[in-house]
Amino acid sequence: MTDILAAPATGSARGAAPALTPSATPVVTPAPSPVPPAVPENPEIPKNPETPESPAASRSTRLGGLARLGRRVRPGRLVRRAPAVVLLAAIWELLPRTGAVDPVFVPPLSEVLRAWYDLLLGGQLLEHFQASLVRSLAGFGLAVVLAVPLGLAIGWYRPVADFLNPILEIFRNTSAVALLPVFILILGLGEPSKIVFVFYACSWPILLNTVSGVRTVEPLLVKSARSLGLGPLSLFRKVILPAAVPTIFTGIRLAGASSILVLLFAEMVGAKAGLGYLVQDAQFSFRIPDMYAGIITISALGLLFNLLLLGVERRFSTWRTT
């Protein structure tokens, strides 16, 4: 028995499995682990939930926002535009001093700025500025609230346009200045007549530009949206209104300028406060520097109003590419 176990394997038995010795241990291959069943995703739980923002990340976000704001300001553009303003100020200062124009009727800019500063310290300029600003904003805001929805309805719904067009054609050709006596007779010399006067003058640029913006939307956009199955309400909200925003804001900016110009006329006719009253009262009293100070304040108010409307337009037109 011992000889058989110790005998070497012959050639005929080379393919057979080798015999196990007492010291050999069998090699066991581990079985593959079972794959867990796929868990269905819950749409309510995000795959990568956001972690709370750290203070450092929040600070970097704020710094990035300030950097973007700085890029929007574009100091280079301001530098390019400053020479024209400086040149105008230099001409205004030099012409009266050299005798090219009568300094009694066109005083130097330095005297006008001194008069403006005196009016500011005395509180008169702030009082007149506040009165004009409240009237202008009231009439302008009322025009935006009423004229924009009416323009959207006229531009989008043909029955509304057919019904209102005859009346609109009559009043759009009637000057606001021609109707000021009517407003004064009906509403008196108080604040309501001036606010309604500004509202009437501001409504037409907003209304006409809104109607034009809705009607001049690219027809291909409308056909594409309808081919995608958008209903009338979704089509108006997602296609027509965004496409008409630039034209609407053009009318709003025109109305912003009109709100100041027509208000000055109303304040010159019947008012006891306001920038228009300040200019007229200074003219009648022959306080020429004060008159020019009021005119400069009016120009600054119009410029600030336009810049404010430009900022609002950029806010509502962020989808547009520049």
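Residues numbered from 1 in each chain as written. Predicted model: local features only at pLDDT ≥ 70, side-chain atom pairs only at ≥ 80, totals over all residues. Heavy atoms only, no water.

Points about the pattern of salt bridges
For step 1, the next point in the chain: The tally for this structure, following the rule as stated, stands at six salt bridges.
For step 2, the next point in the chain: Note that Arg135 is salt-bridged to Glu267, the shortest N-O span being 2.8 Å. Here Arg135 is found in helix α5 (residues 124-156), whereas its partner Glu267 is found in helix α10 (residues 232-269), with 132 residues between them in sequence.
For step 3, the next point in the chain: A relative accessible area of 5% means that Arg135 is categorised as buried.
For step 4, the next point in the chain: Note on Glu267: relative accessible area 0%, which makes it buried.
For step 5, the next point in the chain: Via salt bridges that share partners, Arg135, Glu191 and Glu267 belong to a single interconnected network. (Salt bridge = Lys/Arg side-chain N within 4 Å of Asp/Glu carboxyl O. Helix = DSSP H or I, 4+ residues; strand = E, 2+ residues; numbered from the N terminus. Buried < 20%, exposed > 50% of the residue type's maximum accessible area, 1.4 Å probe, protein only.)

Some points on helix α11 (residues 275-284)
For step 1, the next point in the chain: Here α11 has its buried residues at Leu275, Gly276, Leu278, Val279 and Ala282. Buried residues along α11 cover an arc of 165 degrees about the axis, so they all sit on one side.
For step 2, the next point in the chain: Remark: Phe286 follows α11 within two positions and exhibits a positive phi of approximately 60 degrees. (Arc of directions from axis to C-beta.)

A closer look at the side chain of Thr297
For step 1, the next point in the chain: On the secondary structure map, Thr297 appears in helix α12 (residues 288-316).
For step 2, the next point in the chain: Note on Thr297: relative accessible area 8%, which makes it buried.
For step 3, the next point in the chain: For Thr297, the contacting residues outside a window of four places in its chain are Trp116, Leu125, Phe129 and Leu275. (Contact = heavy atoms within 4.5 Å.)

Quick look at the nonpolar core
For step 1, the next point in the chain: Formed by 56 residues in total, the largest nonpolar core has its most connected members in Phe140, Ile154, Phe197, Ile206, Ile252 and Leu275.
For step 2, the next point in the chain: Of all the elements, α10 adds the most residues to this core, at 15 residues.
For step 3, the next point in the chain: When sequence neighbours within four positions are dropped, the list of residues in contact with Leu275 reads Leu125, His128, Phe129, Ser132, Leu264, Glu267, Thr297, Ile298 and Leu301. (Core = buried A, V, L, I, M, F, W, Y, C linked by side-chain atoms within 4.5 Å.)

Quick look at helix α6 (residues 158-172)
For step 1, the next point in the chain: The sharpest bend along α6 comes to roughly 45 degrees, located at Leu164, with the proline Pro166 sitting one to four residues further on.
For step 2, the next point in the chain: What α6 keeps buried is the set Ala161, Leu164 and Leu168.
For step 3, the next point in the chain: Taken together, the buried residues of α6 touch α5 and α8 (191-215). (Bend = angle between axes of the 7 residues up to and from the residue.)

Here's the deal with the packing of α5 against α10
For step 1, the next point in the chain: Where α5 meets α10, the axes come as close as 8 Å, and the angle between the chain directions of the two elements is 145 degrees. Relative to α10, the crossing made by α5 is right-handed.
For step 2, the next point in the chain: Its residues assigned to classes, the contact of α5 with α10 shows 14 nonpolar, four polar and two charged. (Axes fitted to C-alpha atoms, helices over the stretch in contact; angles between N-to-C directions. Left-handed = near helix turned anticlockwise from the far one by under 90°. Nonpolar A, V, L, I, M, F, W, Y, C, P; charged D, E, K, R; others polar.)

A closer look at empty space enclosed by the protein
For step 1, the next point in the chain: Applying the stated rule across the entire model yields one cavity of 30 Å³ or more.
For step 2, the next point in the chain: In terms of lining residues, the largest cavity is bounded by Leu180, Ile184, Leu189, Ser193, Lys194, Ala266 and Gly270.
For step 3, the next point in the chain: The residue inventory of the lining of the largest cavity, partitioned by class, reads four nonpolar, two polar and one charged. (1 Å grid on protein atoms, 1.4 Å probe; cavity = no way out; pocket = protein on both sides within 12 Å on 5 of 7 lines; lining within 4 Å. Points joined across faces, edges and corners; volume = space filled by probe spheres on them.)

Quick look at a nonpolar patch on the surface
For step 1, the next point in the chain: Nonpolar side chains collect at one region of the surface, where Trp116, Tyr117, Leu120 and Leu121 lie side by side and expose about 400 Å² of accessible area between them.
For step 2, the next point in the chain: Among the secondary structure elements, Trp116 is positioned in helix α4 (residues 109-122).
For step 3, the next point in the chain: Residue class for Trp116 comes out partly exposed when judged on its relative accessible area of 31%. (Patch = residues over 30% accessible without salt bridge, like charges linked within 9 Å, V, L, I, M, F, W, Y side chains within 5 Å. Areas by Shrake-Rupley, 256 points an atom, 1.4 Å probe, with all protein chains shown as cover.)

Topic: unusual backbone geometry
For step 1, the next point in the chain: Even without a glycine there, the phi angle at Phe286 is positive, about 60 degrees.
For step 2, the next point in the chain: The residue Phe286 is located in the loop between α11 and α12 in this model.

Side note on the side chain of Arg135
For step 1, the next point in the chain: Separated by 2.8 Å, the side chain of Arg135 and the backbone oxygen of Ala273 make a polar contact.
For step 2, the next point in the chain: Every residue in contact with Arg135, bar those within four places of it in the chain, is listed here: Glu191, Lys194, Ile195, Val198, Leu263, Glu267, Ala271, Ala273 and Gly274. (Polar contact = N/O pair within 3.5 Å; in protein donor to acceptor, adjacent residues only side chain to side chain.)

Observations concerning the packing of helix α7 (residues 176-187) against α8
For step 1, the next point in the chain: Packing of α7 against α8 brings their axes to within 9 Å, and their N-to-C directions diverge by 150 degrees. Compared by their axis directions, α7 and α8 come out roughly antiparallel. The crossing of α7 and α8 is right-handed. Listed contacts from α8 to Ala176, Val177, Leu179, Leu180, Phe183, Ile184 and Leu187 of α7 are Pro192, Ser193, Val196, Phe197, Tyr200 and Ala201. (Parallel < 35°, antiparallel > 145°, perpendicular 65-115°, else oblique.)

Some thoughts on the packing of aromatic side chains
For step 1, the next point in the chain: Here the structure, examined in full by the defined rule, presents seven aromatic pairs.
For step 2, the next point in the chain: Measuring from ring centre to ring centre gives 5.6 Å for Trp156 and Phe236, while their planes differ by 45 degrees; the resulting arrangement is tilted. In this pair, Trp156 is assigned in helix α5 and Phe236 in helix α10, connecting sequence segments 80 residues apart.
For step 3, the next point in the chain: On the accessibility criterion, Trp156 (22% relative accessible area) is partly exposed.
For step 4, the next point in the chain: The class for Phe236 is buried, based on a relative accessible area of 17%.
For step 5, the next point in the chain: Connected via pairs of aromatic rings, a cluster forms that spans Phe183, Phe197, Tyr200 and Trp204. (Phe/Tyr/Trp six-rings, centres within 6.5 Å; stacked < 30°, edge-to-face > 60°.)

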